[in-house]
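Structure assessment
Next come the chains, spelled out residue by residue.
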Amino acid sequence: MASISVFQCVYIVFLLACISDFGYGDTVFDVMKDGAVADGKTDNSKVFENVFQKACQSEGTNVVLIPQGTYLLYPIILKGPCKGQVEFQIKGTLKASTDNAHTINVDHWITFQYIDQLVLSGGGTLDGQGASAWDDNTCSKDPNCKSLPISLRFDFVTNSRISHLTSINSKNAHVNLFACKGIMIDNIHLQAPADSPNTDGIHIGTSSTIEISNSIIATGDDCVSMSPGSQNILVRNVKCGPGHGI
């Protein structure tokens, strides 16, 4: 508990800076200006990758803005390290693909790697379209089953915040943290039907100093789960259910 308090104090200024949509002097990278199409049918993964790289290679605070609208997005990996701070403001709805080429034996939908001081916020929604793949989940019967995409993966991400987002109908888990440190998750809503297989809310592995608060997790599997190597985890004021608890 003591180290959690120290963590909160150290990053209080950083978190306060994230309260408003854009801060004074922020550079805004609007995906629509780089060719994104918000029709729910056109893949936007290349546009998002290009905009992220522009923001990642810029100094200072850089905001990737995803305005209102529905954006189809194939699996994508957004990889640092970055020269400055990157903030994703998701105002619209991101929609995952339902075709097998981007679903079966694919372990991620949206992945962030090797980024420090990432902010993911904006009030938008991630729609994993899980109903298209749940029948393909044979892991309860077959130990060699093929993987399905986790909606949000964070690998080697540090000192970051995920807040004010909704994730619905993930094909696998909603959020996965691996080798992360100093992550605050708050005011998020994770939702999938009670009978949807393996739709864990948040899975934490080999990570430390993680706080999850003021959120609603209603899924078909664990609300929050932890694997070996994780420590200094605080979960508070989280409404869990349906789901298998923590």
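Cut-offs and rules
- Residues numbered from 1 in each chain as written.
- Predicted model: local features only at pLDDT ≥ 70, side-chain atom pairs only at ≥ 80, totals over all residues.
- Heavy atoms only, no water.
- Helix = DSSP H or I, 4+ residues; strand = E, 2+ residues; numbered from the N terminus.
- Contact = heavy atoms within 4.5 Å.
- Areas by Shrake-Rupley, 256 points an atom, 1.4 Å probe, with all protein chains shown as cover.
- Buried < 20%, exposed > 50% of the residue type's maximum accessible area, 1.4 Å probe, protein only.
- Pairing = 2+ DSSP bridges.
- Disulfide = S-S within 2.5 Å.
- Salt bridge = Lys/Arg side-chain N within 4 Å of Asp/Glu carboxyl O.

Comments concerning the overall build of the protein chain
The number of helices and strands found in the protein chain is three helices and 18 strands. Excluding contacts between residues fewer than 6 apart, the proportion of contacts in the protein chain whose partners are at least 24 apart in sequence is 70%. For the protein chain, the exposed area adds up to about 10900 Å²; of that, 52% sits on carbon and sulfur atoms.

Quick notes on the pairing of strand S8 (residues 108-113)
Consecutive residues of a regular strand have side chains that alternate between opposite faces of the sheet. Within S8, six of the six residues are buried, which leaves the element mostly enclosed by the surrounding structure. Note that strand S5 (residues 76-79) and S8 share four bridges and pair parallel. In the strand pairing of S8, lysine 79 is matched with glutamine 113. In terms of strand pairing, S8 meets strand S11 (residues 150-155) through five bridges, oriented parallel. Looking across to S11, one finds that glutamine 113 is bridged to aspartate 155.

Some words on the environment of proline 75
Considering the arrangement of structural elements, one finds proline 75 in the loop between strand S4 (70-73) and S5. Remark: the alpha-carbon pair of proline 75 and isoleucine 150, spanning 75 residues in sequence, is separated by 9.9 Å. Once residues lying within four places of it in the same chain are set aside, the contact partners of proline 75 are His102, Val106, His108 and Trp109.

Focus: the state of the cysteines
What the rule picks out here adds up to three disulfides. Cysteine 56 shares a disulfide with cysteine 82; S-S distance 2.1 Å. Judged by the torsion about the S-S bond (-105 degrees), the cysteine 56/cysteine 82 disulfide is left-handed. Taken together, the residues cysteine 56 in helix H3 (residues 45-56) and cysteine 82 in the loop between S5 and strand S6 (85-90) connect sequence positions 26 residues apart.

Things to note about the pattern of salt bridges
By the definition in use, this model includes four salt bridges. Residue glutamate 49 pairs with lysine 46 through a salt bridge whose shortest N-O separation is 4.0 Å. Separated by three residues within a single helix, glutamate 49 and lysine 46 lie in helix H3, roughly one turn from each other. A salt bridge links arginine 236 to glutamate 211, with the shortest nitrogen-to-oxygen separation between them at 2.8 Å. Taken together, the positions of arginine 236 in strand S18 (residues 231-240) and glutamate 211 in strand S16 (residues 208-218) put the pair 25 residues apart, joining distant regions of the chain. Given the relative accessible area of 37%, arginine 236 is considered partly exposed. Overall, the relative accessible area of 0% leaves glutamate 211 in the buried class.

Function-wise, these values are silent; they only describe arrangement.
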